[in-house]
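# Remarks on the overall topology
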Amino acid sequence: MNQFFYISYEGDINIPSQLLDGKMGILEGRNGSDDGVYKVRSGKEKAEDFGRVFSWNGNTILEKWKGDPCNRLNGTDGIIYQPFITEDTVLQAFVPDICRSLTFKFDKETQQNGIYCLRFRVDKETLHGIDKNPDNWCFCHSENMTHCNVNGIISVASCFEGAPLFMSNPHFYGGDPILQENVIGLKPDFEKHVGYFDLHPMSGASLQVRQRMQFNIELTPWIAMPTFADASYAMVPVLWVEEGGDLDSFTRTMLKLLDIGIKIWKIGKWFWMFFLIIVAVGGIIILKQRKKSQVELLGPRPEDDDISEREEKDGPPPDYIPYD
């Protein structure tokens, strides 16, 4: 197998102080802890800015990666999202566990507890190598960029003090076939191994979230350790984790009421439009009838016609005095 990212190591091994007791933990110190202090935008001026991370632990930009594009805090904290989401909306979220932001795109329409929602998944390009996604250049931990052309896996070494850790979908789903070489027992499954979150399109509320990621270590020959001196190159899965959450019943009820209100409005607005048209047409007809009545009143009076007829028959009245 070709080497993934790094050249073979030679020389002494410097063991980190955290491992001197013979114990290690990839997520050590993160169990039951918070993600840090976020400062987010309110969305007062632009609705799409609602919940966007402005700073994290007092920093408006990270100092983990090679360039500013990769160090930016893009998107929200992954819990709240902007309202008025459509199938064309592209979402981003900052994931502190891997010290970077991920991009999400629409997958399909679905329902959660009878509530219509849109399902989003991690954009495939996020996990692509540099040859397919040049924007990932600053995430490459190696000085040799050709070592970062494998699709389906990204280095997170900068987030773990330089440890050769890599993140992928569980069982390397969607990755290059080379990732599965020398690893036994992998059975990639889209429904089981690709994370997602379901959003209420009107409010942006998350109804269900399933975040799935696999941590891997690159196995390379290490001359300083006889056991690994002749080791085959492999990307060895260490563990994969799933973090999830579902919206509470009270908030789900509120969203259902919101949806019902929107449906009533959509139906009701046509009723009111029809009602206003009827009123307008009726008003026009009434105005025309009144105008016609006024014109008839201004014409000759019937009693005048009777007087003229009597004068022709009986002659002028006795007190009639003609003028010369």
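For the structure, see preceding data.
Here's what I pulled together on the structure shown here. Note that this is a predicted model, so its numbers are computed, not measured. (Residues numbered from 1 in each chain as written. Predicted model: local features only at pLDDT ≥ 70, side-chain atom pairs only at ≥ 80, totals over all residues. Heavy atoms only, no water.)

Grouped together as the largest cluster of nonpolar side chains are 26 residues, with contacts concentrated most on Leu-91, Ile-98 and Phe-120. Looking at this core, the elements with two or more residues in it are strand E3 (91-95), strand E4 (100-112), strand E5 (115-122), strand E7 (165-168), strand E8 (196-199) and strand E9 (206-219). Beyond its immediate sequence surroundings of up to four residues, Ile-98 is in contact with Trp-65, Val-156, Cys-159, Met-167, Met-213 and Phe-215. Residues Ile-153, Phe-172, Leu-186 and Met-235 belong to the second largest nonpolar core, which totals eight residues. (Core = buried A, V, L, I, M, F, W, Y, C linked by side-chain atoms within 4.5 Å. Buried < 20%, exposed > 50% of the residue type's maximum accessible area, 1.4 Å probe, protein only. Helix = DSSP H or I, 4+ residues; strand = E, 2+ residues; numbered from the N terminus. Contact = heavy atoms within 4.5 Å.)

Let's shift gears to the state of the cysteines. For the structure on display, the rule yields three disulfides. Disulfide pairing places Cys-99 opposite Cys-159 at an S-S distance of 1.9 Å. With the S-S bond torsion at 60 degrees, the cross-link from Cys-99 to Cys-159 turns out right-handed. One end of the pair, Cys-99, is in the loop between E3 and E4; the other, Cys-159, is in the loop between strand E6 (153-155) and E7, and 60 residues separate them in sequence. (Disulfide = S-S within 2.5 Å.)

Below, the discussion takes up the environment of Asn-182. Within the secondary structure layout, Asn-182 lies in the loop between E7 and helix H2 (190-193). For Asn-182, a relative accessible area of 54% gives the class exposed. Separated by 53 residues in sequence, Asn-182 and Met-235 have C-alpha atoms that sit 8.2 Å apart. Polar side-chain contacts of Asn-182 include one of 3.2 Å to the backbone oxygen of Tyr-233. (Polar contact = N/O pair within 3.5 Å; in protein donor to acceptor, adjacent residues only side chain to side chain.)

It is worth spelling out the pattern of salt bridges at this point. What the rule picks out here adds up to nine salt bridges. Here Asp-49 and Arg-52 are joined by a salt bridge, their closest N and O atoms 3.2 Å apart. Judged by relative accessible area, which is 27%, Arg-52 ranks as partly exposed. Among the ionic contacts, a cluster of salt bridges with common partners joins Arg-210, Arg-212, Glu-242 and Asp-246. (Salt bridge = Lys/Arg side-chain N within 4 Å of Asp/Glu carboxyl O.)

Here we take up empty space enclosed by the protein. What the rule picks out here adds up to two cavities of 30 Å³ or more. Estimates place the volume of the largest cavity at around 90 Å³. Along its surface, the largest cavity is lined by twelve residues, and His-128, Asn-136, Cys-148, Ile-153 and Ile-154 are the ones closest to its centre. Looking at side-chain class alone, the lining of the largest cavity contains eight nonpolar, four polar and no charged residues. Computed from the structure, the second largest cavity encloses a volume of approximately 50 Å³. Lining the second largest cavity are Glu-48, Phe-50, Arg-52, Gly-75, Thr-76, Tyr-81, Gln-82, Leu-91 and Gln-92. Among the residues making up the lining of the second largest cavity, the classes are represented as three nonpolar, four polar and two charged. (1 Å grid on protein atoms, 1.4 Å probe; cavity = no way out; pocket = protein on both sides within 12 Å on 5 of 7 lines; lining within 4 Å. Points joined across faces, edges and corners; volume = space filled by probe spheres on them. Nonpolar A, V, L, I, M, F, W, Y, C, P; charged D, E, K, R; others polar.)

On the surface, a cluster of nonpolar side chains totalling about 520 Å² of accessible area is made up of Phe-250, Met-254, Leu-257, Ile-260 and Ile-264. What makes Met-254 partly exposed here is its relative accessible area of 38%. (Patch = residues over 30% accessible without salt bridge, like charges linked within 9 Å, V, L, I, M, F, W, Y side chains within 5 Å. Areas by Shrake-Rupley, 256 points an atom, 1.4 Å probe, with all protein chains shown as cover.)

What follows covers unusual backbone geometry. Phi is positive for Phe-84, close to 60 degrees, though the residue is something other than glycine. Relative to the elements of secondary structure, Phe-84 occurs in the loop between helix H1 (68-71) and E3. Look at Asn-113: it is not a glycine, yet its phi comes out positive at around 55 degrees. Note that Asn-113 resides in the loop between E4 and E5. Take Asn-113: its relative accessible area is 46%, and that puts it in the partly exposed class.

For the rest of this paragraph, the subject is the packing of aromatic side chains. What describes a pair of aromatic rings is the distance from one ring centre to the other and the angle between the planes of the rings. Under the definition given, this model contains eight aromatic pairs. Aromatic side chains Phe-104 and Phe-197 sit 4.9 Å apart centroid to centroid with 70 degrees between the ring planes, which places their arrangement in the edge-to-face category. Of the two residues, Phe-104 sits in strand E4 while Phe-197 sits in strand E8, which places them 93 residues apart along the sequence. In this pair, the class of Phe-104 matches that of Phe-197, namely buried. Where Phe-106 meets Phe-120, the ring centres are 6.2 Å apart and the plane angle is 80 degrees; that geometry is what we call edge-to-face. Linking Phe-106 in strand E4 with Phe-120 in strand E5, this pair joins segments that are 14 residues apart in sequence. (Phe/Tyr/Trp six-rings, centres within 6.5 Å; stacked < 30°, edge-to-face > 60°.)

Let us now look at the side chain of Asn-136. Take Asn-136: it is sitting in the loop between E5 and E6. Judged by its relative accessible area of 8%, Asn-136 is buried. From its side chain, Asn-136 meets the backbone oxygen of Thr-126 in a polar contact 3.2 Å long. Not counting residues up to four positions away in its chain, the partners in contact with Asn-136 are Arg-100, Glu-125, Thr-126, His-128 and Ile-130.

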